[in-house]
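# Observations on the model geometry
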Amino acid sequence: MSTAPPIIELRHVSVAYGTVKVLDDVNLTVPEGAFLAIIGPNGAGKTTLVRTILGLVKPIEGEVLVFGKPPKELGPLRREIGYVPQMHTVDLKFPVRVRDVVMMGRYARLGLFRRPGKADHEAVERAMAKVDIQDLADRPLSDLSGGQRQRVFLARALATEPRLLILDEPTAGVDAQTSTSLYELLRSFQQEGMTVLMVSHDVGVVSQYVDGVACVNRRLVAHGRPEVVLTDDTLAEMYGCQAMFFHHGHVPHMVVRAGEEKK
Amino acid sequence: MMDFWQYAFMQRALIGGVIVGLLTAIIGVYVVLKGMSFIGAGVAHASFGGVALGFLLGIDPLWAAVAFCLAVAWGIGTVTRRGGIKEDTAVGIFFASTMAFGVLLIGLIQGYNIDLFSYLFGSILAITAEDLKMVLGVGFLVLLTVALLYKEFLFITFDPETARVSGLPEPALYYLLLALIALTVVVSIKVVGIVLVSALLVTPAASAYQLSRSFGKMMALSAFFGVLSVVVGLILSYYLNTASGATVVLTATAIFGLTLLWRRWREAV
Ligand SMILES: Nc1ncnc2c1ncn2[C@@H]1O[C@H](COP(=O)(O)OP(=O)(O)OP(=O)(O)O)[C@@H](O)[C@H]1O
Ligand SMILES: [Mg+2]
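In this report, the structure presented in the accompanying data block is examined. Residue positions are counted from 1 within each chain, in the order its sequence is given. Labels are handed out in written order, letters beginning with A for the chains and numbers beginning with 1 for the ligands. The predicted origin of the model limits local features to residues at a pLDDT of at least 70 and limits the giving and counting of side-chain atom pairs to 80 or more, whereas totals for whole chains, interfaces and linings rest on all residues. Excluded from the side-chain calculations are hydrogens and water; all other atoms, namely the structure's heavy atoms, are used.

### Concerning the coordination of the magnesium ion (ligand 2)
Residue and element names in this part refer to chain A. Defined as follows: For Na, K and Ca the donor cutoff is 3.2 Å, while for all other metals N, O and S atoms must lie within 2.8 Å; water is not among the atoms, so some sites may look incomplete. Each helix corresponds to a stretch of at least 4 residues labelled H or I by DSSP, and each strand to a stretch of at least 2 residues labelled E; elements are numbered beginning at the N terminus. Burial classification: accessible surface area is computed with a 1.4 Å probe over protein chains only, and a residue below 20% of its type maximum counts as buried, one above 50% as exposed, and the rest as partly exposed.
Looking at the magnesium ion (ligand 2), one finds its protein donor set to be Thr47 (OG1) and Gln86 (OE1), positioned 1.9 to 2.4 Å from the metal centre. With Thr47 in helix H1 (residues 46-53) and Gln86 in the loop between strand E5 (81-84) and helix H2 (98-110), the pair connects residues that are 39 residues apart, well separated along the chain. With relative accessibility at 15%, the residue Gln86 sits in the buried group.

Next up, the structure:
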C-alpha cells in the first residue's frame, strides 16, 4: 500500500494570543479518510487548534500543512474544506432562511458577482437531504431548535462538497439522542471517503464513533486510537486531578469531582 | 393638494431625498445586522472635519468630506481589526477628535460666514442641480456595488469567519462595506445633515428587522421604510413648516414605533 500524504499535518506548532501561549509544540497528523475527535476541557485550545488549521490564526512557531500546503497558500483548495463553527460565533436572530444559509456554502465555488444557478440549487437540495432538513428549507433560522440549527450549518458545509469536514463542538447544547444521530451521520460521511475532524466535549460517547482521538490541553496530551488514548492517566493529565473515570468495556466515562467530595 | 410639486426646489428635494432614503436604508441593513451603527455615527461626525477642511482648502466641501470619511472609516476598521481595541472605543476616539479638528479648522477660516448650520442639520430644500448630480452618481455606484456583491456581503455580515474560511476575500469586502457606508453618509448630509444621518442609517433597517424573516425581505422592507420616511417627512415639513431633516428622522422613528407595536401585538396573539 502506498502511503498517501496526510490531509493535515502540524509540526511543532505553537500559538499565542499576545504573550499568552495557548498551544505549545503540537504535532498532529490526520491521514486521508480519518474520523478524528479533538477533546479537552474548556479553554484548552481546541478552537484555536482548528482556527490554526484553517489559517485564521498564525502560529508563532512550527509548520501547518493542509492538503500538503500552508493554509495561506491553499487557493482554490479552500473549497475542499467544509467548516461548521462553534455555535456562539453566529447571530442566531439574523433574519435568514435555512435555504439561504445552506447556499452560502456554494458562494466561494461560484466566484464573485455570480448568482447561484441550477447546479447550486441542486447541491443545496442534496446537502439538505443528507442531513434531513428539507422540510425546514423555507423556515427562518431563528425558529429552529439547537439540533436543527446544527444540521443547517452542517448542510452548509456539505454544500461545498468538501473532502475535509471540520466541526467545532457540533453537539454543544444538543440532547444525547440528537448527538448520537449526528455522530452516526458523520461516520457515514467518513465511510464515503470524507476526512472528518471534530472538536467535542463528549469524551465517552464520541470514542465509539471515531477512529482517532487527540487530547488537547495547551499541549497535545495524547493522540491515537480511542481505546489506547483514553486511559485514566491521559484523562487525568488533561482534566487535572479532579476527574475520575468509570469503565464500561473499553469506553471510559468521566466524572468530575467538585472540591473535597468523597469518592 | 400637490402644490409643493410645482416648485423646482421641491422636486429636487424629493428626488434627492428618495435616493438618499433608499441608499441609507439599504446600507443600513448591513449596519444594523453587523452591529455597526456606532461606526455610522462616527463616520457622520467625522464628515464635519472633512467639510471644514474643504472650506479651508477651497475645494468642494462634500468631496473633501468623501475623502476624509473614507480615511476615517478605514481607520476605524483597521484599528479594530488589528489593534485589539474594541470597535466602540475606536469610534469614540475618532468621533470626538475629527469633530474637534473641524471646529479648529473653522476657527482658522477667515470671514467665518459659512452656512455650517446647513451641514449640521441638512438643507434639503437648498439642494442644487449640481448636488443632485452627485447624489445620483454616488447613489448609483453604491447600489450597483451592493447588487453585484449581494451574496458576498450577506455571507460576511452573517458569518465572517466561515466566509473567510470558504475563500471569500473577507477583509477586502469588509473595507469595501466601510467605504460604502462613508459614501452613503456624505451624500446624505445635504438631506438630513451630519447630526441626523446616522438615524437614517439605523431606523428604517431596525424597523424592517422587526418584521423580517429573510434577508431579502429585510432589504426590501428597509428600502420601503427609508423612502416612505423621506417622502412623508418632506411633505409634512412643507405643510407644517418644520425643519425638513428633523421631520424626516422623526417620521422614520414613528414608523419604527409602529413596527415595534405591530410585532408585540403579533407575538401576543
Ligand atoms: N481571540 C482571542 N484572543 C485572546 N485570547 C483568546 C482568544 N481566543 C481564545 N483565547 C484564549 O485562548 C485559550 C484557548 O481558547 P480556545 O477557544 O481555543 O479554547 P477551547 O478549547 O476551544 O475552549 P471551549 O471548550 O470553551 O470552546 C483560552 O484561554 C482563551 O481565553
Ligand atoms: Mg472552542
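Additional details are given in the paragraphs that follow.
### Things to note about the interface of chain B and chain A
Let me state the cut-off plainly: The criterion used for residue contact is that any of the two residues' heavy atoms lie within 4.5 Å. Simply put, the buried area is the total loss of 1.4 Å probe accessible area from both parts when two parts are fitted together. We count a salt bridge whenever a side-chain nitrogen from Lys or Arg sits within 4 Å of a carboxyl oxygen from Asp or Glu. Pairs of N or O atoms within 3.5 Å make up the polar contacts considered here, provided that, within protein, one atom can donate a hydrogen while the other can accept it, and that residues adjacent in sequence are counted only when both atoms are side-chain atoms. Charged residues are taken to be Asp, Glu, Lys and Arg, nonpolar residues to be Ala, Val, Leu, Ile, Met, Phe, Trp, Tyr, Cys and Pro, and polar residues to be all remaining types, Gly included.
With 26 residues of chain B at the contact, the number on the chain A side is 31 residues. Among the residues of chain B in contact with chain A, Lys151(B), Phe158(B) and Val165(B) are the three that bury the most area, contributing 29% of the side total. Taken together, chain B and chain A are joined by three salt bridges. Between Arg156(A) and Asp159(B) there is a salt bridge, with the nearest N and O atoms lying 2.6 Å from each other. At the junction of chain B with chain A, the criterion picks out twelve residue pairs in polar contact (both at pLDDT 80 or more). The set of elements that each furnish at least two residues to the side of chain B that touches chain A consists of helix H6 (129-148), helix H7 (150-158), helix H8 (160-166) and helix H11 (215-240) of chain B. The dominant element in the side of chain B that touches chain A, judged by the number of residues it contributes, is H7(B), at seven residues. Each residue belonging to the side of chain B that touches chain A can be placed in one class, and the counts come to 14 nonpolar, six polar and six charged.

### Description of the packing of aromatic side chains
We count it as follows: The aromatic pairing rule takes the rings of Phe, Tyr and Trp, using the six-membered ring of Trp, and pairs them if the centres are within 6.5 Å, calling planes under 30 degrees apart stacked, those over 60 edge-to-face and the rest tilted. Lysine and arginine charges are scored as sitting over a ring when NZ or CZ, respectively, is within 6 Å of the ring centre and within 35 degrees of the ring normal.
Tallied over the entire structure, the rule returns 16 aromatic pairs over all chains. A ring pair is formed by Tyr183(A) and Tyr209(A), whose centres lie 5.5 Å apart and whose planes are at 40°; its orientation type is tilted. Highlighted residues: Tyr183(A) in helix H5 (residues 176-191) and Tyr209(A) in the loop between helix H6 (203-206) and strand E8 (212-217), separated in sequence by 26 residues. As far as burial versus exposure is concerned, Tyr183(A) and Tyr209(A) are alike and both buried. Geometrically, the ring pair formed by Phe224(B) and Phe225(B) is tilted, given 5.8 Å between the ring centres and 50° between the ring planes. According to the relative accessible area criterion, Phe225(B) is buried, its value standing at 8%. Among the aromatic residues, those joined into a ring-pair cluster are Phe94(A), Phe153(A), Tyr30(B), Tyr150(B), Phe153(B), Phe158(B) and Phe215(B). The positively charged end of Lys151(B) is found above the aromatic ring belonging to Tyr107(A), 5.8 Å away from the centroid.

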